[in-house]
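Observations on the model geometry
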Amino acid sequence: MELTDRFWEIDSLRGFAVTMMVAYHFLYDLNFFGVYSFNVNSGFLWYFARVTAFIFIFLVGLSLKLSYFRVEMDSSCGERQIFMKYLKRGFKLFSVGILITLATWIVIREDFIVFGVLHFIGTAIILEALFLKRSCIHLFTGLLFVASGLYLHQFAFPFSGLLWLGFIPQGFSTVDYFPILPWLGVVSLGIFSGGILYKNYRRRFELPDLSGLYTTRLTCFLGRNSLLIYVVHQPVLIILLYSMGVLDLGFLYP
């Protein structure tokens, strides 16, 4: 395999997660805007949303490790250049997250996104860039971060300055929240898995080649364009619901 090649199974799994995300958000929007009542706070849909998020964020870590393998094999890249590469990537994603914060503050105001998935992924890329070479620590830190986040989730705190870390303020409400704890642990587990399953940018396990199937090509396409789909899918869903005559856009003018 050339270093320019992609692993179709990773793109396909990410594309499958994109499909899960759009399906969940369609049902979430129906509930949020009062079109149809769904229980999104417990039960099947609650678990469905978290499995979807886990796949996405786990693949962030795995893809980071693959990217690092590729950069590491380029002898022209020093440690500082490698870090700057991930710093720029993380800052770009965090900046898109800030734009989404602004957009949701304008549109839905009370439940606007403060530290959502793009804020988190951008921050995680920058933090993990410092430790991508040290694969051995990621299993330990992954389990530690996940356990810490699950523990913190049981409490509410009388301050808001650390909500990005996982200290949930009392009465806090938002439509998208991915704090560092526990989700950085999922990224770390992805990095650890990438170091084992794709060491030195080589697949270390046998896998039937399904890359030629139509469904695989479709999910790979979705996976390779996951950021664009994430940014545009909610406006598209809202327009779709409006065109179906089930949504009044009066919420845009609170």
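Further up the page is the structure itself.
All of the points below concern the structure found in this document.

1. Considerations on the overall build of the protein chain
Looking only at helices and strands, the protein chain features eight helices and zero strands. Radius of gyration (C-alpha) of the protein chain: 19 Å, near the 18 Å computed for a compact globule of 254 residues. Residues counted as buried form 43% of the 254 residues belonging to the protein chain. A sequence separation of at least 24 residues applies to 73% of the contacts in the protein chain between residues at least 6 apart. Summed over its atoms, the accessible surface of the protein chain is roughly 14,200 Å², and 67% of this surface lies on carbon and sulfur atoms. Between the mean site of the 19 positive side-chain charges and the mean site of the 15 negative ones, the protein chain shows a separation of 7 Å.

2. Re the pattern of salt bridges
As enumerated under the stated definition, the model contains four salt bridges in all. The shortest N-O distance in the salt bridge between Asp11 and Arg14 comes to 3.3 Å. Placement of both Asp11 and Arg14 in helix α1 (residues 8–32) is noted, with a separation of three residues, approximately one turn of the helix. Across the pair, Arg14 and Asp11 agree in class, each one buried.

3. Considerations on the packing of helix α4 (residues 117–129) against helix α6 (residues 180–197)
The interhelical angle for the contact between α4 and α6, taken along N-to-C directions, is 55°, at an axis separation of 10 Å. With respect to α6, the axis of α4 lies oblique. In the crossing of α4 with α6, the sense of the turn from one axis to the other is right-handed. Seen from α4, the contacting residues are Phe120, Thr123, Ala124, Leu127 and Glu128; seen from α6, they are Ile180, Trp183, Leu184, Val187, Ser188 and Ile191. Of the residues contributing to the contact of α4 with α6, the split by class is eight nonpolar, two polar and one charged.

4. Focus: the nonpolar core
Formed by 49 residues in total, the largest nonpolar core has its most connected members in Leu64, Leu66, Tyr86, Phe120 and Val187. Only α1, α2 (43–72), α3 (79–107), α4, α6 and α8 (226–243) provide two or more residues apiece to this core. Considering each element in turn, this core owes the most residues, 13 residues, to α2. Not counting chain neighbours up to four residues away, the residues in contact with Phe120 comprise Ile57, Phe115, Phe178, Pro179, Ile180, Trp183, Leu184 and Val187. Formed by five residues, the second largest nonpolar core is a distinct cluster that contains Tyr24, Tyr28, Val40 and Leu45.

5. Details of a nonpolar patch on the surface
Together, Leu228, Val231, Val232 and Val236 give the surface a local cluster of nonpolar side chains, amounting to about 320 Å² of exposed area. Mapping Val232 onto the fold places it in helix α8.

6. Points about the packing of helix α5 (residues 138–152) against α6
In contact at an axis separation of 7 Å, α5 and α6 are set at 160° when each is read in the N-to-C sense. With respect to their mutual orientation, α5 and α6 come out roughly antiparallel. Helix-helix and strand crossings are classified by hand; for α5 and α6 the assignment is left-handed. The residues of α6 that touch α5, namely those facing His138, Leu139, Thr141, Gly142, Leu143, Phe145, Val146, Ser148, Gly149, Leu150 and Leu152, are Leu181, Pro182, Leu184, Gly185, Val186, Ser188, Leu189, Ile191 and Phe192. Of the residues assigned to the contact of α5 with α6, the class counts are 13 nonpolar, seven polar and no charged.

7. Focus on α5
In this model, α5 (15 residues) spans 21 Å end to end at C-alpha, consistent with the 21 Å of a helix rising 1.5 Å per residue. Considered for burial, the residues of α5 that qualify are His138, Thr141, Gly142, Gly149 and Leu152. Seen end-on, α5 carries its buried residues on one side only, within an arc spanning 110°. Relative to its buried face, α5 has exposed residues pointing more than 90 degrees away, namely Phe140, Leu143, Leu150 and Tyr151. Buried positions along α5 lie against α4 and α6.

8. Notes on the packing of aromatic side chains
Enumeration according to the criterion identifies 17 aromatic pairs in this entry. Both rings, one in Tyr28 and one in Phe32, keep their centres 6.1 Å apart while their planes meet at 15°; by these two values the pair is stacked. Of the two residues, Tyr28 and Phe32 both sit in helix α1, four residues apart, roughly one turn of that helix. Residue Tyr28 is classed as buried on the basis of its relative accessible area of 19%. Note on Phe32: relative accessible area 31%, which makes it partly exposed. An aromatic cluster of at least three residues, connected via ring pairs, comprises Tyr151, Phe155, Phe157, Phe159 and Phe167. Positioned over the ring face of Tyr86 is Lys85, at 5.8 Å from the centre of the ring. One Lys or Arg, Arg109, reaches over the ring of Trp105 and ends 4.0 Å from the middle of that ring.

Rules of the game
- Residues numbered from 1 in each chain as written.
- Predicted model: local features only at pLDDT ≥ 70, side-chain atom pairs only at ≥ 80, totals over all residues.
- Heavy atoms only, no water.
- Helix = DSSP H or I, 4+ residues; strand = E, 2+ residues; numbered from the N terminus.
- Rg over C-alpha atoms; globule rule 2.2 N^0.38 Å.
- Buried < 20%, exposed > 50% of the residue type's maximum accessible area, 1.4 Å probe, protein only.
- Contact = heavy atoms within 4.5 Å.
- Areas by Shrake-Rupley, 256 points an atom, 1.4 Å probe, with all protein chains shown as cover.
- Lys, Arg positive; Asp, Glu negative; His and termini not counted.
- Charge placed at Lys NZ, Arg CZ, Asp CG, Glu CD.
- Salt bridge = Lys/Arg side-chain N within 4 Å of Asp/Glu carboxyl O.
- Axes fitted to C-alpha atoms, helices over the stretch in contact; angles between N-to-C directions.
- Parallel < 35°, antiparallel > 145°, perpendicular 65-115°, else oblique.
- Left-handed = near helix turned anticlockwise from the far one by under 90°.
- Nonpolar A, V, L, I, M, F, W, Y, C, P; charged D, E, K, R; others polar.
- Core = buried A, V, L, I, M, F, W, Y, C linked by side-chain atoms within 4.5 Å.
- Patch = residues over 30% accessible without salt bridge, like charges linked within 9 Å, V, L, I, M, F, W, Y side chains within 5 Å.
- Expected span 1.5 Å × (residues − 1).
- Arc of directions from axis to C-beta.
- Phe/Tyr/Trp six-rings, centres within 6.5 Å; stacked < 30°, edge-to-face > 60°.
- Lys NZ or Arg CZ within 6 Å of the ring centre and 35° of its normal.

Any functional reading would require information beyond the geometric quantities listed.
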